[in-house]
Amino acid sequence: MIDQSVMSDVLAAGLSGGAEFAEVFVEDRRSTSAVLDDGRVEDVATGRDRGAGIRVVVGESTGFAHTTDLSPEGLSAAARTAAAAARDGKGVTTMVELTTVNAPSPSVVRLFPGDVATSAKVELLGRADDAARSAGSSISQVSARYGDSRRRIQVANSDGVLASDDQVRTLFSVSAVASGDTGLQTGRESIGHTVGFELFDDHSVEELAGRAAQRAITKLAARPAPSGNRTVVIGPGGGGVMFHEACGHGLEADLVNKAASVFAGRVGEQVASPLVTLVDDGTMGGEWGAYAIDDEGRPAQRNVLISDGVLTDFMWDLLRARKEGRTSSGNGRRQSYQHLPMVRMTNTYLVGGESDPDDIVAGTPTGVYIAHLGGGQVNTATGDFVFGMTEAYLIEDGKITEPLRDGNLIGNGPAALASIDAVGNDFAMGSPGTCGKDGQGVPVGDGVPTLRVGGLTVGGTAA
């Protein structure tokens with residue numbers, strides 16, 4: 001993308017004022033999206049965003065400038081601006097916007113989406129719409145979305161690193177609304193991987209739409225969720241977001257260093273059940289959060305955060321790792337060239353255990369089975385969390401029985417980790433997600449096997 005000699009010159013410009021560290025991040029992103037709603041294709045868009053972000057560090061001050069001018073002159077001007085901002089800083093980050101006048105990849109791409117006609121992408125939307133509506137007369141509304149992106153990045157810094165990556169992602173999602181005596185109920189399904197258009201050779205949009213529609217129809221007959229303290233069994237894949245939110249963010253080194261994490265100062269301590277091994281892994285081929293290098297040029301890693309219940313490490317970006325005299329864990333990520341990197345998760349998951357999932361349910365006299373959790377919130381300083389239950393059922397006499405609706409799952413991350421008393425052998429990754437933090441969103445994945453947690457609060461409308 002940018003010649004190595006030019007990168008060297010730009011770094012020299014960044015260091016010219018006596019800076020300790022300089023970095024150039026170049027990005028070229030192309031994307032396509034198409035949306036269908038209520039039987040009509042509402043929006044088809046393609047775009048390209050291209051530019052560079054330059055970071056310069058002097059002591060505790062960081063200067064940052066970004067530009068769309070990728071000429072040697074434009075990049076050097078941005079580097080000098082970032083260097084000046086760093087020198088003038090008072091221990092804070094200074095961002096300057098410039099206006100221009102006038103490691104091996106873990107994933108294999110067989111068919112780049114850019115080589116596929118837009119009409120073929122739009123056709124998928126119509127097929128999903130037909131399949132969802134054919135699931136039953138109660139389906140009153142269907143929406144579907146297709147998206148793909150190709151993100152090429154190049155990173156160079158004053159430590160001598162020169163690295164690049166080519167990240168391709170393809171996504172499809174379907175949402176169906178069913179109408180009945182209980183009002184409107186929604187079901188949603190999505191599939192997304194760091195692969196090309198061959199995603200649709202391996203996954204059927206008709207099956208995806210059928211599952212979304214069936215989930216909405218099932219919820220029409222659901223009873224209101226109970227309220228109170230319950231034993232909860234979480235199904236494979238769909239509950240991974242709980243560990244992402246309730247535990248993962250608290251294991252990011254920036255929050256730990258700010259004393260904004262309940263896990264601060266606890267490395268080497270038992271923080272979870274001995275059945276719990278929690279991993280963040282950017283090398284998982286094909287998964288939504290996978291990449292060859294992070295946005296600071298560090299190769300992706302498989303990082304064990306909790307091993308047999310013991311906290312072993314945190315996730316690190318480059319600058320925080322340098323201050324601690326260690327290497328980055330490959331978790332420095334940014335939304336785009338216009339943003340500074342920060343510590344972010346990749347694919348975060350609970351390692352599978354040895355229990356048979358049917359035995360876990362059978363060994364639960366009463367409780368709630370959660371097939372899918374929705375969005376949630378967490379206070380990283382305390383670990384307290386709340387999540388919506390998008391697909392849940394009662395457990396009665398060791399059997400999954402009636403579907404539930406209108407419920408939340410409430411608890412505390414460390415307490416939930418300690419209360420896990422069974423982990424299944426049926427590990428699965430969940431749906432692709434976008435993690436938001438400090439105004440930036442990045443693609444992430446999460447996963448779990450079937451597991452059982454005692455003493456969580458179900459916030460429902462039934463006694």
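Residues numbered from 1 in each chain as written. Predicted model: local features only at pLDDT ≥ 70, side-chain atom pairs only at ≥ 80, totals over all residues. Heavy atoms only, no water.

Turning our eyes to something else, we now look at the overall build of the protein. Across its full length, the protein carries 10 helices and 24 strands. Relative to the compact-globule value of 23 Å for 463 residues, the protein shows a C-alpha radius of gyration of 24 Å, a close match. The principal-axis extents of the C-alpha atoms in the protein amount to approximately 70 × 55 × 35 Å. Looking at the protein residue by residue over its 463 residues, the buried ones come to 54%. Summing over all exposed atoms, the protein offers an accessible surface of approximately 18400 Å²; the carbon and sulfur share of this is 47%. For the protein, the distance from the average position of its 39 positive side-chain charges to the average position of its 59 negative side-chain charges is 4 Å. (Helix = DSSP H or I, 4+ residues; strand = E, 2+ residues; numbered from the N terminus. Rg over C-alpha atoms; globule rule 2.2 N^0.38 Å. Buried < 20%, exposed > 50% of the residue type's maximum accessible area, 1.4 Å probe, protein only. Areas by Shrake-Rupley, 256 points an atom, 1.4 Å probe, with all protein chains shown as cover. Lys, Arg positive; Asp, Glu negative; His and termini not counted. Charge placed at Lys NZ, Arg CZ, Asp CG, Glu CD.)

Once that is clear, we can look at the confidence of the model for the protein. For the protein, per-residue confidence averages 93 on the pLDDT scale, and residues scoring 70 or more make up 97% of the total. Long-range and interchain partners of residues 98-102, a stretch whose pLDDT sits below 50, account for eight contacts in this model, where long-range means more than four residues apart. (pLDDT = per-residue confidence, 0-100. Contact = heavy atoms within 4.5 Å.)

It is worth spelling out helix 1 (residues 4-15) at this point. Taking 1.5 Å per residue, 12 residues should reach 16 Å; helix 1 reaches 17 Å between its end C-alpha atoms and fits that length. Looking at helix 1, one finds that the buried residues are Val6, Met7, Val10, Leu11, Ala13 and Gly14. The buried residues of helix 1 occupy one face: seen down the axis, they fall within an arc of 155 degrees. For helix 1, the exposed residues set more than 90 degrees away from the buried face come down to Gln4 and Asp9. Elements that come into contact with the buried residues of helix 1 comprise strand 1 (21-37), strand 2 (40-58), helix 2 (72-88) and strand 5 (139-157). (Expected span 1.5 Å × (residues − 1). Arc of directions from axis to C-beta.)

We now examine the packing of aromatic side chains. What the rule picks out here adds up to six aromatic pairs. When the centroid spacing of 5.3 Å and the interplanar angle of 45 degrees are considered together, the rings of Phe385 and Phe387 count as tilted. Under the relative-accessibility criterion, Phe387 is labelled buried at 1%. Through a chain of ring-to-ring contacts, the aromatic side chains of Tyr146, Phe172, Phe197 and Phe200 assemble into a single cluster. (Phe/Tyr/Trp six-rings, centres within 6.5 Å; stacked < 30°, edge-to-face > 60°.)

On to unusual backbone geometry, then. The residue Asp38 is not glycine, and still its phi comes out positive at about 55 degrees. With respect to the helices and strands, the residue Asp38 is situated in the loop between strand 1 and strand 2. With relative accessibility at 40%, the residue Asp38 sits in the partly exposed group. Look at Asp308: it is not a glycine, yet its phi comes out positive at around 50 degrees. The residue Asp308 is located in the loop between strand 11 (302-307) and strand 12 (310-311) in this model.

Note that strand 8 (residues 223-224) and strand 18 (residues 399-405) share two bridges and pair parallel. Note that in strand 18 the partner of Pro224 across the bridge is Arg405. With four bridges joining them, strand 17 (residues 384-396) and strand 18 adopt antiparallel strand pairing. Among the inter-strand pairings, Ile395 is bridged to a residue of strand 18, identified as Ile400. If you look at the hairpin formed by strand 17 and strand 18, you'll find two residues sitting between the two strands, and Asp397 has a positive phi there, around 55 degrees. (Pairing = 2+ DSSP bridges.)

A word on the nonpolar core. In this structure, Met242, Phe243, Leu251, Ile306, Met389 and Leu409 are the most contacted members of the largest nonpolar core, which totals 45 residues. Sequence-distant contacts of Leu251, that is, excluding residues within four places in its chain, are made with Phe263, Leu278, Leu305, Ile306, Leu311, Phe314 and Met315. Counting residues in hydrophobic clusters, the runner-up holds 29 residues, among them Ala132, Ala144, Val205 and Ala213. (Core = buried A, V, L, I, M, F, W, Y, C linked by side-chain atoms within 4.5 Å.)

Time to look at the environment of Val444. Of note, Val444 is situated in strand 23 (residues 440-448). The exposure class assigned to Val444 is buried, which follows from its relative accessible area of 4%. Residues Val444 and Leu278, spaced 166 residues apart in sequence, show a C-alpha to C-alpha distance of 15 Å. Discounting chain neighbours no more than four positions away, the residues touching Val444 are His244, Trp288, Gly289, Arg333, Met345, Thr346, Asn347, Pro432, Gly433, Thr434 and Cys435.

Our focus in this paragraph is the side chain of Gln185. By the element assignment, Gln185 lies in strand 7 (residues 183-193). For Gln185, a relative accessible area of 7% corresponds to the buried category.

To continue, consider the packing of helix 3 (residues 118-133) against helix 5 (residues 205-220). Between helix 3 and helix 5, whose axes approach to 8 Å, the crossing angle comes to 40 degrees. Relative to helix 5, helix 3 is oriented oblique. For the pair helix 3 and helix 5, the sense of crossing is right-handed. Every residue of helix 5 that contacts helix 3 at Leu124, Arg127, Ala128, Ala131 and Ala132 is listed here: Val205, Glu206, Ala209 and Ala213. (Axes fitted to C-alpha atoms, helices over the stretch in contact; angles between N-to-C directions. Parallel < 35°, antiparallel > 145°, perpendicular 65-115°, else oblique. Left-handed = near helix turned anticlockwise from the far one by under 90°.)

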